[in-house]
Each structure stands twice: as structure tokens, then as C-alpha cells.
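# Descriptive structure summary
For reference, the chains in residue letters:
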Amino acid sequence: MSGPDGSEQFATTHDFVQSRPHALAGLLVAAFALSGCGQPASQAAAPPPPPVTVAQPVKRTVTDWDEYTGRFEAVEEVQVRPRVGGFVNSVEFQDGAIVHQGDLLYVIDPRPFEAVAEQADGQLSDARAKVELAKRELDRGLNLVQTSAVSEQVVDQRRQALQAAHAAETQAEGALKAARLNIEFTHVTAPITGRVSRHLVSPGNLVQGSDNGSSTLLTSIVTMDPIYIYFDMDETAFMKYSKLWFEGKRPSSRDTANPVQVTLAGETKPSHEGSVNFLDNRLDVSTGTLRSRAVVKNTDLSILPGQFGRVRLIGSAPYEALLVPDAAVATDQSRKIVFVVKSDDTVEARPVVLGPLEDGLRVIREGLKAEDRVIVNGIQRARVGAKVTPQTAQAPAGGKAGDKS
């Protein structure tokens, strides 16, 4: 490090002095880096509250409707059976077609009955001839008894013979009418207007005819318009309706044809209207339900007997209610809630009691006020107790806030 003259030591100190500015610069850079790493993250800008759409409940006069599952049945159904037996000559209808009362359905061979009718006609002519003969004999006897040519006993006998001839004539007339009726019965006609089923007997087959129900079944006919729908209401619903009737808030279906609306399978809203026209006189002890019936218009013949349908029956008097879109209602375990934005723009979960749907809106029986701001869109972005950015909806689905209809 040192020479005899000290020159080497001077050179080393000179190098250190020359390199000192570079070392100071490196220390400053490191210190600046360390100070940058130590800045708190809270100085970053916080995100704004999430936007949500809010609306006030719709105020409207509504009426509750109760729903039941029902099955359609024909107002009238007839099993077509022959009243006389014989071989079937022809079938005069198309399977499944609409037939009208009096339309010809089947023709049974009438020849045996025509022969019987001719025989009865001949017997009637014979009976009438005997009546004429008995009249003439009685007239002669009445003339002869005045001259004592015949006795009163003979006159009485001839009078009795005339009465017997009249009785025989009456019997012959009845036999002829029966024979002609049998000829008429060989033409089987539709007793009602409706839709006919398929033919169960083809031409050439022998059918049995009678008036005691043992005759051959040929086909069946059901009426289509109007049509019945049967449904069962439980005892609780029946008691509710009775209470409303007693309080004068709803007429009884026994006295008034209360309206019903019917929704068919695959439909989302009612498509047919009708009215209640029957309530049974007792509850079914096995099910605890009351059989009820409504009559429904079926002008387009789209409903068939045996179909199922949903029956909506008026269940209350009209009342003022608050409604919100059904999508605004959430489920919190066992309770229903809606999210309400308070005055400080924080979210509150409000438990509510629901009523029925009305044109896509849900009736809120308890839990809301008319001035509450309900979140109707953006529920997934709302957190209870957190702030949101509320945006007022232009018009809630199904109406305007505060309107009445």
C-alpha cells in the first residue's frame, strides 16, 4: 500500500474519492425503492357502490283467486244401443265426427219387421170386418126384439160380441203400431248432438236389441259445448268461503254462478271462462273434500272430456294491495324477503308475507310500505348493510308505482 515515497497510498485514496459519487447514487436509488415498497395500499381509489334498479310497490285493487286441479266431463253422454235385434246392413257415420240429433248412424235389416207389420195390418183389417159384422147383427137384433122375434138374451149376446170385436180391433191396432215402431228402430239415429266415438259393430254382424240395457253397444256420443269441469275443494277452503259469505264479502256458489277461469295443460294463463253451477251436499269422508262443478264454454271444441285443467275460483272480496315483480322476491331459508334500499342507500332485507300472482306481479300482504324502494333488478349485486347506487325504474312490470286499476 505504501512505497518509500508514499505515492502508492495517494493513488488508492484518489481512486476511492473518484468512486464515492457512484456509491452515493446507488444508496439513494435503493432508499427510494425501499420507500416506494412501504407505501400503504389503502391509498388506491375505492370502487363505487354497485348500481341496482329500484321501484316503489304498485298499488292496485285486486281480488284473490284460488286454484284447483279439475277434470273435464261431458254435459251429456249417451251409449247408442239398438232397440231391435238383427243383422247390421250399414254404418252411416264417420268415426270421431260431429253428429247432430236425428242423424242416421246404423241401419239394421228391416225385412223381418216389415213382414210382421204386414201380418199385423192384415189382422187389423180382419178385426175391423168383424166389428162391422157385429154392428149389423146387433142392429137387426134391436129391430127384431121390438116385435118379439128374438129375445133380450140374444140382443145382449150380440151387444157383447160387438164389444169383443172392438177389443180385438184395438189389439190389432196396437200390434200394427209396434210392428211399425220396430221398422223405425231398424234405423238407429243420434239421440243428441255431439262428437261420436268409433263404430263398434261392422256391417254383417248380428246385434241384440232390447229396452232393458242388455242390447249390443254400437257407439257413444258426448256433447262438447258447453262442457263440465269437476274439482274438489278442501274443508279449509270451504270454511273460508262460508265465512266470506256470512260477512257479505263473497256470494255463495250455491246461490250465485261465481266466475271461474280455466288454464289448460301447457298454457301459462287462463284461456277459457265459466261459472260454478254445482256444489255437492256433503264432504267426502275419505278425502275431506267437497265435489264442485263449473260449466265452461267450449265453442272451439278444443277441450275433450277427460282432460285436466287448472280452475281459478274467486276467493275474496276486492281489496287494495301492494305488488312487486315476482323476480324481486328472494328466499332466505324458510322465509320470503325483498331487498329494500333505505334513505342512506344501504340495503335492508325485509321479510314479507306473499299473496297470489296478479299479471306477473306478486301481492305483498305484509312487510312493505307504499314508499319503500324495492330492488327489482341487480339483486345479485346487493349486500345487506352495504351501499348501492339506486336507479329508479321507468315503470315496474305490470303497472306504475302507486297506480290503481
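This is a predicted model, so every value here is computed, not measured.

## What to know about the overall build of the protein chain
For the protein chain, the count of helices and strands is four helices and 23 strands. Long-range contacts, defined as pairs at least 24 residues apart, comprise 76% of the intrachain contacts of the protein chain with a sequence gap of at least 6. Surface summary for the protein chain: the accessible area is close to 24,600 Å², and the carbon and sulfur share equals 53%.

## Concerning the sheet that holds strand E10 (residues 206-207)
Strand order in this open sheet of four strands is E8-E7-E5-E10, and the pairing throughout is antiparallel. Each edge of the sheet is formed by a strand with only one pairing partner; in this case those strands are strand E8 (187-189) and E10. Across three bridges, strand E5 (residues 86-91) lies against strand E7 (residues 104-108) in antiparallel orientation. The partner of Ser90 across the bridge, within E7, is Val107.

## Description of the confidence of the model for the protein chain
The pLDDT averaged across the protein chain works out to 84; a share of 86% of its residues lies at or above 70. Low confidence marks residues 396-405, where pLDDT is under 50. Its contacts with residues over four positions away, or in another chain, come to 26 contacts.

## Let's talk about the pairing of strand E16 (residues 308-314)
With five of its seven residues buried, E16 lies for the most part within the structure. Judged from the five bridges that link them, strand E13 (residues 259-264) and E16 form a sheet pairing that is antiparallel. Paired with Val260 across the bridge in E16 is Leu313.

## So, the side chain of Thr263
Structurally, Thr263 can be placed in strand E13. A relative accessible area of 11% means that Thr263 is categorised as buried. The residues touching Thr263, leaving out its near neighbours within four places in the chain, are Lys269, Pro270, Gly309 and Arg310.

## Topic: the sheet that holds E13
Within the closed barrel, the six strands sit side by side as E3-E12-E15-E14-E13-E16. Their pairing is antiparallel. Taking each pair of neighbouring strands and ignoring which way they run, the sheet shows an average axis angle of 40 degrees. Where strand E3 (residues 65-74) and strand E12 (residues 227-234) come together, five bridges link them in antiparallel fashion. Residue pairing across strands places Arg71 opposite Tyr230, the latter belonging to E12. Sitting on the sheet, helix H4 (residues 235-246) touches E3, E12, strand E15 (289-296) and E16, and the angle it makes with E12 is about 95 degrees.

## Quick look at the pattern of salt bridges
Enumeration over the complete set of coordinates arrives at 16 salt bridges. Residue Asp66 is joined to Lys240 by a salt bridge in which the shortest nitrogen-to-oxygen separation is 2.7 Å. Highlighted residues: Asp66 in strand E3 and Lys240 in helix H4, separated in sequence by 174 residues. We classify Asp66 as buried; its relative accessible area is 17%. A residue is classified by how much of its surface remains accessible, and Lys240, at 34% relative accessible area, is partly exposed. Several salt bridges converge on common partners, so that one network encompasses Glu67, Arg310 and Arg312.

## A closer look at the nonpolar core
If you look at the biggest cluster of nonpolar residues, it comprises 20 residues, and the most contacted ones within it are Tyr68, Phe72, Ile229, Phe231, Met233 and Leu313. Those elements giving two or more residues to this core turn out to be E3, E12, H4, E13, strand E14 (272-279), E15 and E16. Counting residues per element, this core draws most heavily on E12, which supplies four residues. With 18 residues, the next largest nonpolar core counts Val88, Phe93, Ile192 and Leu218 among its residues.

## Some words on unusual backbone geometry
The residue after Asp225, namely Pro226, is reached through a cis peptide bond having omega 0 degrees. With respect to the element layout, Pro226 can be found in the loop between strand E11 (219-222) and E12. A positive phi angle is found at Gln333, which is not glycine, with a value near 60 degrees. Mapping Gln333 onto the fold places it in the loop between strand E18 (330-332) and strand E19 (335-341).

## Some words on H4
Here H4 is 12 residues long and its end C-alpha atoms lie 16 Å apart, about the 16 Å a rise of 1.5 Å per residue gives. If you check which residues of H4 are buried, you get Ala237, Tyr241 and Leu244. Each buried residue of H4 sits inside an arc of 60 degrees when the element is viewed along its axis, so together they form one side. Of the residues in H4, the exposed ones pointing more than 90 degrees away from the buried face are Thr236, Lys243 and Phe246. Looking at the packing, one finds that the buried side of H4 touches E3, E12 and E16. Measuring from the backbone nitrogen of Thr236 back to the side-chain oxygen at the start of H4 gives 3.3 Å, which picks out Asp234 as the cap. Where H4 terminates, the next one or two residues include Gly248, which has phi positive at roughly 75 degrees.

The rules we used
Residues numbered from 1 in each chain as written. Predicted model: local features only at pLDDT ≥ 70, side-chain atom pairs only at ≥ 80, totals over all residues. Heavy atoms only, no water. Helix = DSSP H or I, 4+ residues; strand = E, 2+ residues; numbered from the N terminus. Contact = heavy atoms within 4.5 Å. Areas by Shrake-Rupley, 256 points an atom, 1.4 Å probe, with all protein chains shown as cover. Pairing = 2+ DSSP bridges. pLDDT = per-residue confidence, 0-100. Buried < 20%, exposed > 50% of the residue type's maximum accessible area, 1.4 Å probe, protein only. Axes fitted to C-alpha atoms, helices over the stretch in contact; angles between N-to-C directions. Salt bridge = Lys/Arg side-chain N within 4 Å of Asp/Glu carboxyl O. Core = buried A, V, L, I, M, F, W, Y, C linked by side-chain atoms within 4.5 Å. Expected span 1.5 Å × (residues − 1). Arc of directions from axis to C-beta. Polar contact = N/O pair within 3.5 Å; in protein donor to acceptor, adjacent residues only side chain to side chain.

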